[in-house]
Amino acid sequence: MKVKSDKVKSSLFRFPGFLFGVCLVLLAGMMVSCDDDSNIKSSTPFNPALPVTVTGFTPESGGSQEEIIINGSNFGNDKDIVSVYIGGKKAVVVNVMSDKLFAFIPAGAYSDNETYTGEVEVVVTPENGTEVRGVSARPFQYTPKKVVGTLCGYRNENDDQGEAWGSFDEVCGFNAEGCMAIDPLNPDMLYMAYDRSEGIIARLDLKNRVAERIMSATKFQTKRLRNIAFTNDGKYMLVSTDRDDNALHSTSVWIVTRNADGTFSDRSSCQPLASYKQCNGVAVHPVNGEIYFNSYENGQLFRLDFNDYLKVLNGGTDANGNPLKWTGYLEDGAFKELFKIMDPSYEFQITIHPSGDYAYLTVINRDYILRTDYDWSKKEFTTPYIIAGANGMPDWTDAVGSNARLHRPYQGTFVKNPEYEAEGRSDVYDYYFSDCLNFCVRYITPDGLVRTFAGRAPSTNGNIWGTENGDLRQQARFRDVTGLTYDEQRDCFYVLDHNNRSVRTIGMETNEE
């Protein structure tokens, strides 16, 4: 994954100013503790008649923004004429002594993409002189880590960049809340549903780095689109729509059939699957295949047996030989209500665990997350209970269960944790979710502990929101994140940062510039 900043920020990584200052003080303290001989050496200027040597460095391995001390000779005492490169990447030099210097390891500090190693090089360029280079005999071992980057999109100073489709370098317009989903049959395709009055579906081709609008607003009668799901065979896309223009017969879930070539477009067949009102989300049970959707009206969760729909689609008949009909209406038995989560006007998303054992109901407008367990004998979910946060108590607190505080949690996804697998746990998945008004991405462990994963980096201006890429907690900041999905093939998260008009990434850093 290439880590880059958006067009508002020009630097690849920006180390928070005050943290940088703290490190300077610490390093200065280290230098003060040196003995008299070291102080004498530190005052020795660079001698162009002598070579520059690099005899060693500490630590011998490390990651971006960690401190490194490089030992050698003839570095001089003027850091303005000294440059340090690790794996070909320029490092920030903090201070220079004749026999040692202090620097920060740059991002992507390696030249060998297989071993993550690179040379340590010190270059001294005196005024009106020829540069002299010294190179380490052994390579530095870089430790890559997950960082926040920008996949595509940007926001200019006036926020008038408009909406344009094309290559990732040019695309812009991610200006609405929404949810995202990876195509189960073609994981190079990332889909995005726009939650606005004229909702569209966009496709981001991750392989060819091209973004395009594939289904226009008229496809869904110019209504709000809330999320995307897929049937277990991947043949159909399900799209939830938030509307109440036709009382309890307002389309809640559309079913879209793939084209002959496996794609989705405005040419794809699109039919109402279920109709009620004010739907906020749809999900499919990963084992049994039944479909769940909801309503903002009274916080209802509904269950639809997809096999019943397929019988009608395939020309099934009733006991009298009459063709089966499908209206998609509650009163005709197309689906049934399972429960109400609380009170009227509760907006929530449905995310089912890969095992099918339970689901999380992320209540967007009430700042908490519920868990509903699956009854395998009845093949339906049961009465939910709070797993994280507190009803109507927005804040930011990492803690267990109802002691945690969330602020407008939005889309979530379950991600397998290799450490849990190695430990032989029964549940090996963490639940990652976008916490919109806390400007971050967080996760819940199987034990119910809420932790902040990325965002909310410290800053000199006091804002916890921003556009910065880099280290997950020390540099990266978001603004009003909603959509979140995980790309298992690339081990990468995609985050819809709609206030910054961009799609952000959380994945392993590379040394690309």
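No experiment lies behind these values; they were computed from the predicted model shown. (Residues numbered from 1 in each chain as written. Predicted model: local features only at pLDDT ≥ 70, side-chain atom pairs only at ≥ 80, totals over all residues. Heavy atoms only, no water.)

Some thoughts on the pairing of strand β17 (residues 210-215)
Where strand β13 (residues 166-167) meets β17, two bridges bridge the pair, whose relative direction is antiparallel. Paired with G166 across the strands is A211, a residue of β17. Relative to β17, strand β16 (residues 201-205) is paired through five bridges, and the arrangement is antiparallel. Counted as the bridge partner of R203 is E212 from β17. The hairpin turn running from β16 into β17, its antiparallel successor, is four residues long, and R209 in that turn takes a positive phi close to 55 degrees. (Pairing = 2+ DSSP bridges. Helix = DSSP H or I, 4+ residues; strand = E, 2+ residues; numbered from the N terminus.)

Observations regarding the sheet that holds strand β8 (residues 117-118)
Strand order in the open sheet formed by three strands is β2-β11-β8, with mixed pairing between adjacent strands. With partners counted over all chains shown, the strands left at the sheet margins are β2 (61-62) and β8, one partner each. Note: β2 against strand β11 (residues 140-142), two bridges, orientation parallel. Looking across to β11, one finds that S61 is bridged to Q141.

Notes on the confidence of the model for the protein
Per-residue pLDDT for the protein averages 91, and the proportion of residues at 70 or more is 91%. Segment residues 1-41: pLDDT under 50, and 84 contacts once partners within four positions in sequence are set aside and those in other chains are kept. (pLDDT = per-residue confidence, 0-100. Contact = heavy atoms within 4.5 Å.)

Focus on the side chain of D435
Looking at the secondary structure, you find D435 in strand β32 (residues 429-435). Within the structure, the side chain of D435 is placed 3.0 Å from the backbone nitrogen of H407, a separation counted as a polar contact. Sequence-distant contacts of D435, that is, excluding residues within four places in its chain, are made with L406, H407, R408, P409, C440, R442 and V481. (Polar contact = N/O pair within 3.5 Å; in protein donor to acceptor, adjacent residues only side chain to side chain.)

Notes on the side chain of N417
With respect to the secondary-structure elements, N417 resides in the loop between β31 (409-416) and α4 (418-423). You can call N417 buried: its relative accessible area is 14%. With residues near it in sequence (within four places) discarded, N417 still touches V428 and D430. (Buried < 20%, exposed > 50% of the residue type's maximum accessible area, 1.4 Å probe, protein only.)

Remarks on the sheet that holds strand β23 (residues 291-295)
Pairing is antiparallel in the open sheet, where four strands are placed in the order β22-β23-β24-β25. Pairing within the sheet leaves two strands with one partner each, and these edge strands are β22 (282-284) and β25 (336-340). If you compare each strand with its neighbour and ignore which way they point, the axes differ by 25 degrees on average. Where strand β24 (residues 300-304) and β25 come together, four bridges link them in antiparallel fashion. Residue pairing for β25: R303 is matched across the bridge by K336. (Axes fitted to C-alpha atoms, helices over the stretch in contact; angles between N-to-C directions.)

Brief notes about the layout of surface pockets
Here the largest pocket defines a volume of roughly 1200 Å³. I182, I352, T413, F414 and T485 are the residues nearest the centre of the largest pocket, which is lined by 38 residues in total. Going through the elements one at a time, β14 (178-182), β18 (224-230), β22, β26 (348-352), β31, α4 and β36 (481-487) are the ones with two or more residues in the lining of the largest pocket. By residue number, the principal contributor to the lining of the largest pocket is β31, which donates six residues. Across the lining of the largest pocket, the residue classes break down as 22 nonpolar, eleven polar and five charged. (1 Å grid on protein atoms, 1.4 Å probe; cavity = no way out; pocket = protein on both sides within 12 Å on 5 of 7 lines; lining within 4 Å. Points joined across faces, edges and corners; volume = space filled by probe spheres on them. Nonpolar A, V, L, I, M, F, W, Y, C, P; charged D, E, K, R; others polar.)

A few points about the pairing of β26
With respect to burial, β26 is a largely interior element, five of its five residues being buried. In this sheet, strand β27 (residues 358-363) lies alongside β26 in antiparallel orientation, the contact comprising five bridges. Bridging from a neighbouring strand, I350 pairs with L361 of β27. The turn linking β26 back onto β27 is made up of five residues, and G356 within it adopts a positive phi angle of 85 degrees.

A look at the nonpolar core
A general feature of soluble globular proteins is that nonpolar side chains tend to end up buried together. Ranked by internal contacts, the top residues of the largest apolar core, which has 24 residues, are I68, I70, V84, L101, V122 and F140. Going through the elements one at a time, β1 (53-58), β3 (67-73), β4 (82-86), β6 (92-97), β7 (100-104), β9 (120-124) and β11 are the ones with two or more residues in this core. The residues touching V84, leaving out its near neighbours within four places in the chain, are I70, K89, K90, A91, V93, L101, E121 and V122. Core analysis: the second largest hydrophobic core is formed by 21 residues, I200, A202, A211 and Y494 among them. (Core = buried A, V, L, I, M, F, W, Y, C linked by side-chain atoms within 4.5 Å.)

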